[in-house]
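Residue-level structure breakdown
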Amino acid sequence: MKRTILLTCVLLQTLRLATAQTTPPRLIVRGDDMGYAHAGNEAILKCYKEGIEKSIEVLVPSPWFPEAVEMLKQIPDADIGIHLTLTSEWDNIKWRPLSDCPSLRDADGYFFPMVRPNKDYPKRSVVENDWKLADIEKEFRAQIELAMKKIPRISHFSGHMGCTSLTDEVNDLVKKLAQEYHIRHYDMSLRNAGVTYTGYGGAHVTPEEKLQSFLKMLESLEPGKTYLFVDHPGLDTPEVRAIHHIGYGNVAIDRQGVTDTWTHPRVKQLIKDKGIQLIGYNQL
């Protein structure tokens, strides 16, 4: 009897391995920060309609969120997530919390620019100020409820600038909110869903480097595995050229490079040739 059970287990494991080797890789291409700029919204829409993007993260307190809501009606099948945020990082454009949360506001009422200490923005991070977990919960709830009111098909949460992993307490809070609002996936749940984060396969400063490094990454994907690739589409326009912070001044060129890569014929052809399945969180 024991020998039969052992043989059955061996056969099942062999079958699983064989299935994994014949199943093509799955890839979530996620465009972050919808709402930060009009040109950012346009780029994210373009990357979904004309490119390989399958998942979109929305910044609910951002100035161009209302436009994002209307634009997303053009792509009703797109996978949409709430990019929970506690920061407003750009120097020339700012946004404020949606709730009454004094510990998360700077002296002018905006979010702090950084989550963690940054030498270029001394004492202007969430961590360096007397933040309260109750304020974070209040603000996250406000963002979740407005997003679900305006975009009912929300499938997941993620954290802008890593804010959802601020501490174990905040991690636990996000898990609690996901369960309460019937959201299956959030940053810390992806490992349990068998998702591996992946990035560029080399230097990616210039547009050409981005393209080559993205192609290299695609070549490296293994059969039977599920991957997540995250970046920020944008357009090289006067609006985006005016958006920057210390340490990241080439936002427009950098994000135009993302848009160009995600809509590039060589990228689309390689995905087709390798049989890579493009999916959203809603297909996990």
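What this report covers is the structure whose coordinates are included nearby. (Residues numbered from 1 in each chain as written. Predicted model: local features only at pLDDT ≥ 70, side-chain atom pairs only at ≥ 80, totals over all residues. Heavy atoms only, no water.)

**Some words on the pattern of salt bridges**
- In this structure the tally under the stated criterion is 13 salt bridges.
- Salt-bridge contacts for Lys73 lead to Glu70; the nearest nitrogen and oxygen are separated by 3.1 Å.
- Among the residues examined, Lys73 registers a relative accessible area of 55% and is labelled exposed.
- A salt bridge links Arg141 to Glu180; the shortest N-O distance between them is 2.7 Å. Of this pair, Arg141 sits in helix 4 (residues 133–150) while Glu180 sits in helix 5 (residues 168–180), placing them 39 residues apart in sequence.
- In this structure Glu180 comes out as partly exposed when scored by relative accessible area, which is 40%.
- Each of Glu137, Arg141, Lys176 and Glu180 takes part in one network of salt bridges that share partners. (Salt bridge = Lys/Arg side-chain N within 4 Å of Asp/Glu carboxyl O. Buried < 20%, exposed > 50% of the residue type's maximum accessible area, 1.4 Å probe, protein only. Helix = DSSP H or I, 4+ residues; strand = E, 2+ residues; numbered from the N terminus.)

**Notes on the packing of aromatic side chains**
- By the definition in use, this model includes 5 aromatic pairs.
- Measuring from centroid to centroid gives 5.9 Å for Trp90 and Tyr248, while their planes differ by 45°, and the two rings are tilted. Of this pair, Trp90 sits in the loop between strand 3 (79–84) and helix 4 while Tyr248 sits in the loop between helix 7 (238–241) and helix 8 (251–262), placing them 158 residues apart in sequence. The two residues Trp90 and Tyr248 agree in class, both being buried.
- For the pair Tyr200 and Phe214, a centre-to-centre distance of 6.3 Å together with 65° between the ring planes defines the contact as edge-to-face. In this pair, Tyr200 is assigned in the loop between strand 5 (195–197) and helix 6 (207–220) and Phe214 in helix 6, connecting sequence segments 14 residues apart.
- Taking the relative accessible area as the measure of exposure, Tyr200 reaches 16% and is therefore buried.
- Through a chain of ring-to-ring contacts, the aromatic side chains of Tyr200, Phe214, Phe229 and Trp262 assemble into a single cluster.
- Taking NZ or CZ as reference, Arg96 lies 4.2 Å from the ring centre of Tyr110, over its face.
- A cation sits over an aromatic face here: Arg255 above Tyr36, 4.9 Å from the ring centre. (Phe/Tyr/Trp six-rings, centres within 6.5 Å; stacked < 30°, edge-to-face > 60°. Lys NZ or Arg CZ within 6 Å of the ring centre and 35° of its normal.)

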